[in-house]
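# Coordinate inspection notes
Each chain, written out:
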Amino acid sequence: MEGTAVLEVRDLKTYFYTNGSELRAVDGLSYTLHKGECMAIIGESGSGKTVSALSLLRLVPYPPGLIMGGEIILNGQDLMKLSDGEIKKIRGSRISMIFQEPSAALNPVVTIGSQIAESIVLHKGLNREQALREAVGLLAKVGIPNPEQRVKEYPHQFSGGMQQRAMIAMAMSCQPDVLVADEPTTALDVTVQAQVLEQLNQLRADFGTALIIITHNLGVVARYADSVKIMYGGKIVEEGATLDIFRRPHHPYTLGLIHAVPRLD
């Protein structure tokens with residue numbers, strides 16, 4: 001895909017050390033993401049998809065995980081060379097992540113509005129009242145009804161789909177250059193899945209945000225992604241434009257993933 005390169009990942013390696021053994025969860029990952037592009041990363045559980053996403057934001061838990069090498073270039077700046085304080089300013093403002101389980105990612109004892117406002121206050125410098133007003137607008141934008149009331153409620157008062165939308169609102173609060181969505185439709189029914197994905201796609205169009213979708217769902221990939229990376233054993237084994245991957249897959253693992261999709265015929 002042509003355009004401005006927003007994110008370049010070069011030879012990224014993230015290993016885990018447990019019980020004296022070394023697990024190479026991400027082993028030499030490289031790719032380029034362009035402004036406004038939707039890239040899908042697919043592969044089976046344990047292939048390194050989520051760890052690669054956490055590595056981008058330097059959220060890999062240590063111990064046992066450790067980023068061993070590589071470069072993560074966001075708009076010309078290598079995130080691997082930043083201090084912990086500097087990366088905190090980047091995380092949430094220029095690169096954001098929607099986590100796989102919103103019920104676990106949201107703080108159960110803090111209102112939804114306060115959780116969204118916290119990021120706005122931190123990165124935009126607004127006061128709390130201004131941030132809460134902006135949070136109401138964000139909830140409305142992601143399709144949550146009666147946002148003025150909902151902003152005062154707690155995560156347990158939201159359904160799974162609404163929690164996921166609140167996570168999207170939080171991730172988009174500072175209009176990041178890159179948004180990583182890790183299995184954004186897990187545990188949602190089919191109707192809500194479609195609504196959440198359409199909202200992500202609309203936000204990408206509105207703000208020009210580059211989107212990385214990590215998923216098992218090849219239907220999602222076929223509908224929304226511009227390009228696809230197939231991960232296996234911590235490496236990209238095949239990549240290309242979405243249409244090319246589906247029409248002319250070359251790697252045996254890619255063929256296996258496609259053939260594993262149930263078909264009506």
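For the structure given in this document, a descriptive report is provided here.

## Examining the overall build of the chain
Of regular secondary structure, the chain possesses 11 helices and 10 strands. Taking 2.2 N^0.38 as the reference for a compact globule, 265 residues should give roughly 18 Å; the C-alpha atoms of the chain span a radius of gyration of 18 Å, in line with that estimate. With the principal axes as the frame, the chain shows a C-alpha extent of 55 × 50 × 40 Å. Residues counted as buried form 48% of the 265 residues belonging to the chain. Element-wise, carbon and sulfur atoms account for 52% of the exposed surface of the chain, whose accessible area totals about 12,800 Å².

## Thoughts on the pairing of strand β2 (residues 21-34)
With 11 bridges joining them, strand β1 (residues 5-18) and β2 adopt antiparallel strand pairing. Residue pairing across strands places T18 opposite S21, the latter belonging to β2.

## Focus: unusual backbone geometry
Trans peptide bonds make up most of the peptide bonds, and negative phi angles are found at most residues other than glycine. A cis amide bond, omega -10°, links Y62 with the succeeding residue P63. Within the fold, P63 resides in the loop between α1 (49-56) and β4 (65-74). Following P63, the chain continues to P64 via a peptide bond in cis, the omega torsion being 5°. You can see P64 is positioned in the loop between α1 and β4. A positive phi angle, close to 50°, is found at N146, a residue other than glycine. Examined against the element boundaries, N146 turns out to sit in the loop between α5 (128-141) and α6 (147-150).

## A short note on helix α8 (residues 190-207)
When the terminal C-alpha atoms of α8 are compared, their 26 Å separation across 18 residues agrees well with the 26 Å that a helix rising 1.5 Å per residue should span. Every buried residue of α8 is listed here: V192, Q193, V196, L197, Q199, L200, L203 and R204. Within α8, the buried residues cover an arc of 155° as seen down the axis, which keeps them to one side. With respect to the buried face of α8, the exposed residues turned more than 90 degrees away are V190, T191 and A205. One or two positions beyond α8, positive phi appears at G208, with a value near 70°.

## A few points about the packing of aromatic side chains
Across all of its chains, the model carries 1 aromatic pair by this definition. Judged by centre distance (4.6 Å) and plane angle (50°), the rings of Y232 and Y253 are tilted. Pair noted here: Y232 is in strand β9 (residues 227-232) and Y253 is in helix α11 (residues 252-259), with a separation of 21 residues, a long-range link. By relative accessible area, which is 42% here, Y232 ends up partly exposed. Overall, the relative accessible area of 14% leaves Y253 in the buried class. We note R150 situated over the ring of F158; from NZ or CZ to the ring centre the distance is 5.3 Å.

Here is what the cut-offs are and how they apply
Residues numbered from 1 in each chain as written. Predicted model: local features only at pLDDT ≥ 70, side-chain atom pairs only at ≥ 80, totals over all residues. Heavy atoms only, no water. Helix = DSSP H or I, 4+ residues; strand = E, 2+ residues; numbered from the N terminus. Rg over C-alpha atoms; globule rule 2.2 N^0.38 Å. Buried < 20%, exposed > 50% of the residue type's maximum accessible area, 1.4 Å probe, protein only. Areas by Shrake-Rupley, 256 points an atom, 1.4 Å probe, with all protein chains shown as cover. Pairing = 2+ DSSP bridges. Expected span 1.5 Å × (residues − 1). Arc of directions from axis to C-beta. Phe/Tyr/Trp six-rings, centres within 6.5 Å; stacked < 30°, edge-to-face > 60°. Lys NZ or Arg CZ within 6 Å of the ring centre and 35° of its normal.

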